[in-house]
Amino acid sequence: MRTLIRVIVVGLLTIAALFAITLALPLEAWRRGEPAGPRLVVTAAVPRWPRPLRLWIDTDAACGHSPRTDPDDCFALVLLAQSPEVEIVGVSTVFGNAALDVTDSTTRALVDQLSANGRGRLAVGRGVARPMKELVGGGGAAGGATAHNALARALEEGPLVILALGPLTNLAMLLRDRPDLRINVSGLSL
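Now for a look at the structure at hand. Not measured: the values here are computed from a predicted model.

## Side note on the sheet that holds strand 1 (residues 53-59)
Argument step 1. Taken in spatial order, the five strands make up an open sheet running 3-2-1-4-5, and their pairing is parallel. Of all strands in the sheet, those with a lone pairing partner are strand 3 (124-125) and strand 5 (185-189), marking the two edges.
Argument step 2. The sheet contacts of helix 2 (residues 72-82) involve strand 1, strand 2 (86-93) and strand 4 (160-164), and relative to strand 1 the element is tilted by about 160 degrees.
Argument step 3. Where helix 4 (residues 145-157) meets the sheet, it contacts strand 1, strand 2, strand 3, strand 4 and strand 5, and its direction lies at approximately 165 degrees from that of strand 1.

As structure tokens, this is what we get:
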């Protein structure tokens, strides 16, 4: 019996060692059959934008409103509000993780809390409640006039990086209605 156990243990160790060796072998093609892409070149980081970065946050923050909504948008807002390298120019809300009423009230409550803690007062614009294809007639801001107008004013003042944490409906509608403002979108982070 001892011999059988020894043989099994040695066999398992041999299999584990062979498996570990196969992990070190280079693969020229991924499992799906496509060849590997070019190797990434590591370079020194160079700031792409002037500091402080002018930032607009478009969010569908629901922050735990239900068991299926995650807190990532709220964490992002809190961390960015504390960063000296970022000037948050404005915040807009959009449907997504939850209905617009939920995302708008959640975002406003969070911004109120941030301003109560000395982080400065941020303007929050109410965005659209449905995808563009569902909006009746597709004309104008179609219910997201507050966010639409505020984002347009901010882009008229100068270049912005837009951090889109939810659906891109607010930005898409604005750029559809005001294509002249595209030049002032200096970056879009999803």
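## Observations concerning the state of the cysteines
Argument step 1. This model, assessed by the stated rule, comprises one disulfide.
Argument step 2. Two residues share a disulfide in this structure: Cys63 and Cys74, whose sulfurs sit 1.2 Å from each other. Disulfide Cys63-Cys74: the torsion about the S-S bond is 80 degrees, which places it as right-handed. Placement of Cys63 in the loop between strand 1 and helix 2 and of Cys74 in helix 2 is noted, with a sequence separation of 11 residues between them.

## Considering the environment of Glu157
Argument step 1. Topologically, Glu157 is positioned in helix 4.
Argument step 2. In this structure Glu157 comes out as exposed when scored by relative accessible area, which is 62%.

The rules we used
- Residues numbered from 1 in each chain as written.
- Predicted model: local features only at pLDDT ≥ 70, side-chain atom pairs only at ≥ 80, totals over all residues.
- Heavy atoms only, no water.
- Pairing = 2+ DSSP bridges.
- Helix = DSSP H or I, 4+ residues; strand = E, 2+ residues; numbered from the N terminus.
- Contact = heavy atoms within 4.5 Å.
- Axes fitted to C-alpha atoms, helices over the stretch in contact; angles between N-to-C directions.
- Disulfide = S-S within 2.5 Å.
- Buried < 20%, exposed > 50% of the residue type's maximum accessible area, 1.4 Å probe, protein only.

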